[in-house]
Amino acid sequence: MQVTFHGQPMRLIGLPMKVGTRARDVRVIDNNLLPVLPLERSRGKVRLLLTVPSLDMPVCSDETRKFSHHLTLLGQQLTDFVEVFLISVDLPFAQTRWQAIEKVTNITMLSDYRDLDFARSWGLLVQDLGLLAHAVYVVDSTGIVTYQEIVTELTAEPDYAVAFAVLSAEIATLKAAS
């Protein structure tokens, strides 16, 4: 697949994740510099995975704040049924600083800076830049990818409405089953 950065074509490398397949759990680094497997850690919940090139890019910062704001509207459902992860190649120190400045507490920041394992395993490594592509995934409570959007221009925002519609449907399914 190909994305663009300011209109310039950029190739994505790695094994693309597809809707309907089991999500691959890949080691990333938390804000304590410890390796974690986010899907294992959130087993039984609906997962919203956001990937951004860097929180230092205004579009990525704006997107993360917007997702955080929309997530607050879920109230207790967020705590009970959903885990939200943002993965970038920003250092954990930078992610923690950004999170404190922006007061975003409902998204767990994870870093892929060491080996870019997540980027490669999900087909999101922007080869020319060494960054993750801009993407949104919903993974259901059983680990199946039910929604995917890879934003084709790295400086554009995803479709929030569709992502939240799928997320809400997955929450309703999980609530009905419990």
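A quick note: this is a predicted structure, and the numbers were derived from the prediction, not measured.

Draft legend 1. Quick peek at the environment of Val52. Here Val52 lies in the loop between β5 (46-51) and α2 (58-72). When residues no more than four places from it in sequence are discounted, the contact partners of Val52 are Cys60, Glu63, Leu86, Ile87, Ser88, Leu132, Ala133 and His134.

Draft legend 2. Inspection of the pattern of salt bridges at higher detail. Within this structure, the stated rule accounts for six salt bridges. Taking the shortest distance from any N to any O, the salt bridge between Arg27 and Asp117 comes out at 3.3 Å. Of this pair, Arg27 sits in the loop between β2 (8-13) and β3 (28-29) while Asp117 sits in helix α5 (residues 117-121), and the two are 90 residues apart along the sequence. Note on Asp117: relative accessible area 27%, which makes it partly exposed. The salt bridge involving Arg65 is made with Glu102; its shortest N-O contact spans 3.4 Å. Taken as a pair, Arg65 in helix α2 and Glu102 in helix α4 (residues 92-102) lie far apart in primary sequence, 37 residues in all. The exposure class of Arg65 is partly exposed, given its relative accessible area of 31%.

Draft legend 3. Highlighting α2. The terminal C-alpha atoms of α2 lie 21 Å apart, and with 15 residues this matches the ideal 21 Å at 1.5 Å per residue to within 8%. For α2, the complete set of buried residues consists of Val59, Cys60, Ser61, Glu63, Thr64, Phe67, Ser68 and Leu71.

Draft legend 4. Here's a closer look at the pairing of strand β10 (residues 135-139). Among the five residues of β10, five are classified as buried, and the element is accordingly described as predominantly covered. The alternating pattern of β10 places Ala135, Tyr137 and Val139 and Val136 and Val138 on opposite faces, both of which are buried. As paired elements, β5 and β10 share five bridges and run antiparallel to each other. Its bridge partner lying in β10, Leu49 is registered against Tyr137. As paired elements, β10 and strand β11 (residues 145-150) share five bridges and run antiparallel to each other. Among the inter-strand pairings, Val136 is bridged to a residue of β11, identified as Glu149. Connecting β10 to the antiparallel partner β11 that follows it, the hairpin turn spans five residues, and Gly143 within it adopts a positive phi of roughly 95 degrees.

Conventions used here
- Residues numbered from 1 in each chain as written.
- Predicted model: local features only at pLDDT ≥ 70, side-chain atom pairs only at ≥ 80, totals over all residues.
- Heavy atoms only, no water.
- Helix = DSSP H or I, 4+ residues; strand = E, 2+ residues; numbered from the N terminus.
- Contact = heavy atoms within 4.5 Å.
- Salt bridge = Lys/Arg side-chain N within 4 Å of Asp/Glu carboxyl O.
- Buried < 20%, exposed > 50% of the residue type's maximum accessible area, 1.4 Å probe, protein only.
- Expected span 1.5 Å × (residues − 1).
- Pairing = 2+ DSSP bridges.

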